[in-house]
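Spelled out from the first residue to the last, the chains are:
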Amino acid sequence: MGTARQPSSADCWRDLSRFAVAADHEAASRAGAEILARGGNAVDAAVATSFTLAVVRPQSCGLGGSGFMLIHRMGHGPIALDFRETAPAAALRERYLGENGRPIPGATRFGGGAVAAPSQVQGLLHALERYGSGRVSRRDVIAPAIRVAAEPLIADRHVCRASREICDELTADPDFARRFSELYSRFTRDGKPLDPGDAVDRRDMVETLTIIAERGIDGVRDGRLADAMVQAAQQSGGALRHADLREYQVRERDPIVTRFGPFEVIGMPPPSSGGAVTAQVLQVLALHAAEHGAWRANDPASAHLLVEAIKHAFADRASRLGDDAEDVRRDVAWMTSQQRARQVLSAFDPTRTRPTDFYGKLATPEDSGTSHYCVVDGEGNAVSGTDTVNLTFGSLILVPGTGIILNNEIDDFVIDPETPNAFGLRESPRNLFSPGRRPLSSMSPAIVLRDGRAELIAGASGGPRIISATLETILYAIVCGMDLDDAVAAPRLHHQWLPDEIWLSRTTSRDVVAGLLDRGHTVRWYPGTGGHVQAIGRRGDGWRAVCDPDKGGRPAGE
Ligand code: DON
């Protein structure tokens, strides 16, 4: 079943004059806006937003997961914070392989073996301590989340969809109701999906968040929360240990910066693949525009060019990217070079697409688990942040007495290069599972600058569709000049090199569909949504903040 992009509706965007927050749940946008109104900066507000998302979007993100955060501070260079989970030091790749040497189905997706060391709290508190204003305290920024956790969470469409997904999983394995009873008893009604308006108790998060407010990072390094997470993962067969939590290091990385006309597009470097893929595609489009005119929305030739550029970039992603390392850094430099953009463009045939192998070779043989938010403050500072537990409700482990859901980020690693992950992505040994490493990610927080000022802040959830959805929002807004709410609601296309097919929104025009078919592409309707974008764009002297109409977020600000 394909899902159409929803038309933009008035309550998913707002024009604001001083500051703005766009998260995929209204309570989280409001938490950020409250901190801004109290004099906090964009980072303080981002941290408040993300802690609140942990309460209200447990299917998507939270304290048992991880994230990336891009920060633009007026007058300073941009900062990329990497707080991606690491594979537990004691985990072994063999644990995921059956006797036939092939991956055991589900081993990287469900239960303790799927869990990488959670690092969300470490990342958020690192951001707050280093880049917060100092005008609001740790307790202040966590307080809105605690208030929200004290009230029942009212199931909205997205929570119900997630509940339906885990009920469907019961059909495949009825034993899940026993193995993951904490989660099923909270997020289903006796194995039946929640209905809109049903209340979910999140009060155990009150104590969890209070411990973090009082103890800071130590609150997840040892003591009750660390014990509970380690015990829950181990009882479910995982290798998570206290040392993984204690020794976790947040990394500050150099963002990928691409000049694009009068703009600078700031993207996330490895272990994200989003910045490198986006930079390569934008450079190809810029070179093409110089000779043939600007990229256009709703135009078959432009759609074909975009797909071709994306196919090359995803093929390069598959064969070259993984956790940050010397060889990966070298290949990112190559992927994002002018020379590579020229190669891609000289291989471009405006009349047809090519077979998979033309774009690359691997030397060896649906949307829920992520949430994106954007913040701008009254001084022009901006944050673009993406948080994840990977798939819907992560590993399905709800840690008893804490409200924390443990991620299943191990599935983002390659266990066997011939076996695609849950998103159908194939990758090389550069992303091979290994203790202590961070899995390659598609999360693509982005900030577009013009003359040193934030012009557009964007990002998405939706696995690899994150990259295309964020990229297309940027193109629609800054190249085609669409209003930002229209840019977020516009039809999207996605290609990830393998499998060799384009996913299209059902609202894609007949001309574009026909133009792509004529050029030899295989097209399919999205088997779900084309990702969920949150974005804030400059508008006159203020901002327009937009939440993807399909996930149901609402912006907040003044
Ligand atoms: O980091 C990644 O690429 C994935 N863990 C993202 C998963 C995701 O976006 C799920 N859907 N919303």
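If you're wondering where the values come from, they're calculated on a predicted model, not measured in any experiment.

Asks: Just checking my understanding: could you explain the sheet that holds strand 7 (residues 251–253) for this structure?
Replies: In any sheet, the strands associate via hydrogen bonds between backbone groups, in a parallel or an antiparallel arrangement. Reading across from one edge, 7-4-3-11-10-2-21 is the order of the 7 strands in this open sheet, with antiparallel pairing throughout. Across the chains shown, the open sheet's two edge strands, defined by having one partner strand only, are strand 7 and strand 21 (556–557). Alignment of strand 10 (residues 370–376) against strand 11 (residues 382–388), held across 7 bridges, turns out to be antiparallel. Bridging across to strand 11, Cys374 finds its partner in Ser384. Across the face of the sheet, helix 2 (residues 42–56) comes into contact with strand 2 (20–22), strand 3 (66–72), strand 10 and strand 11 while running at roughly 155 degrees to strand 10. This element, helix 3 (residues 120–131), spans strand 3, strand 4 (79–83), strand 7, strand 10 and strand 11 of the sheet and lies at about 150 degrees to strand 4.

Asks: I tried to follow the nonpolar core on my own but got confused; where do I start?
Replies: For soluble globular proteins, the rule of thumb is that nonpolar side chains tend to be buried together. Counting 86 residues, the largest nonpolar core has Val281, Leu306 and Ile536 as the members making the most contacts within it. Top contributing element to this core by residue count: helix 13 (residues 300–320), with 10 residues. Not counting the four nearest positions on each side in its chain, Val281 is found in contact with Leu306, Ala309, Ile310, Ala313 and Leu471. Ranked by size, the runner-up nonpolar core spans 84 residues in total, among them Ala46, Cys61, Leu125 and Val141.

Asks: Sorry if this is basic, but what is going on with the packing of aromatic side chains here?
Replies: For any pair of aromatic rings, geometry is given as the distance between the ring centres together with the angle between the planes. Applying the stated rule across the entire model yields 8 aromatic pairs. Taken together, a centroid distance of 5.4 Å and an interplanar angle of 80 degrees make the contact between Phe413 and Phe433 edge-to-face. Taken as a pair, Phe413 in the loop between strand 13 (405–406) and strand 14 (446–450) and Phe433 in the loop between strand 13 and strand 14 lie far apart in primary sequence, 20 residues in all. For the pair shown, Phe413 and Phe433 are each scored as buried. The rings of Tyr96, Phe413 and Phe433 are connected pair by pair, giving a single aromatic cluster. Here Arg95 stacks its cationic end above the ring of Tyr96, 5.2 Å away from the centre of that ring. Here the guanidinium or amino end of Arg320 rests over the ring plane of Trp334, the centre of that ring lying 3.9 Å away.

Asks: Please clarify how the sheet that holds strand 8 (residues 256–260) should be interpreted in this entry.
Replies: On the basis of which strands lie adjacent, the open sheet formed by 7 strands has the order 1-20-19-15-14-9-8 and antiparallel pairing. With one partner strand each, in any of the chains shown, strand 1 (13–16) and strand 8 form the two edges of the open sheet. For this sheet the average axis-to-axis angle between neighbouring strands, irrespective of direction, equals 15 degrees. In this structure, strand 8 lies alongside strand 9 (residues 263–267), joined through 5 bridges in antiparallel fashion. Bridge assignment links Phe260 to a residue of strand 9, and that residue is Phe263. Sheet strands touched by helix 12 (residues 274–292): strand 8 and strand 9. Its angle to strand 8, the strand with the most contacts, is close to 15 degrees.

Asks: Any chance you could explain the environment of Arg178 here in plain terms?
Replies: Here Arg178 lies in helix 6 (residues 176–179). A relative accessible area of 57% means that Arg178 is categorised as exposed. Placed 45 residues apart in sequence, Arg178 and Ser133 show a C-alpha to C-alpha distance of 46 Å. Side chain to side chain, Arg178 and Asp175 meet in a polar contact 2.9 Å long.

Asks: I would appreciate a short explanation of the pattern of salt bridges in the present structure.
Replies: Pairing between side chains of opposite charge can happen when their charged atoms approach one another. Going through the model one piece at a time under the given rule, you end up with 41 salt bridges. Asp299 serves as the salt-bridge partner of Arg296, at 3.4 Å between the closest nitrogen and oxygen. Take Arg296: its relative accessible area is 51%, and that puts it in the exposed class. For Asp299, a relative accessible area of 13% corresponds to the buried category.

Asks: I tried to follow unusual backbone geometry on my own but got confused; where do I start?
Replies: Only a minority of non-glycine residues have a phi that is not negative, and only a minority of peptide bonds are not trans. Between Pro270 and Pro271 the backbone carries a cis peptide bond, its omega angle lying at 15 degrees. With respect to the helices and strands, the residue Pro271 is situated in the loop between strand 9 and helix 12. A cis amide bond links Leu498 to the next residue, Pro499, at an omega of -5 degrees. Structurally, Pro499 can be placed in the loop between strand 16 (493–494) and strand 17 (502–504). Residues other than glycine seldom take positive phi values, yet Asn298 does so here, at roughly 55 degrees. Inspection of the secondary structure assignment puts Asn298 in the loop between helix 12 and helix 13. Relative accessible area serves as the criterion here: at 55%, Asn298 is assigned to the exposed category. Of note in this structure, Asn390 is not a glycine but carries a positive phi near 75 degrees. Position of Asn390 among the secondary structure elements: in the loop between strand 11 and strand 12 (397–398).

Reading the values: rules and limits
- Residues numbered from 1 in each chain as written.
- Predicted model: local features only at pLDDT ≥ 70, side-chain atom pairs only at ≥ 80, totals over all residues.
- Heavy atoms only, no water.
- Pairing = 2+ DSSP bridges.
- Helix = DSSP H or I, 4+ residues; strand = E, 2+ residues; numbered from the N terminus.
- Contact = heavy atoms within 4.5 Å.
- Axes fitted to C-alpha atoms, helices over the stretch in contact; angles between N-to-C directions.
- Core = buried A, V, L, I, M, F, W, Y, C linked by side-chain atoms within 4.5 Å.
- Buried < 20%, exposed > 50% of the residue type's maximum accessible area, 1.4 Å probe, protein only.
- Phe/Tyr/Trp six-rings, centres within 6.5 Å; stacked < 30°, edge-to-face > 60°.
- Lys NZ or Arg CZ within 6 Å of the ring centre and 35° of its normal.
- Polar contact = N/O pair within 3.5 Å; in protein donor to acceptor, adjacent residues only side chain to side chain.
- Salt bridge = Lys/Arg side-chain N within 4 Å of Asp/Glu carboxyl O.

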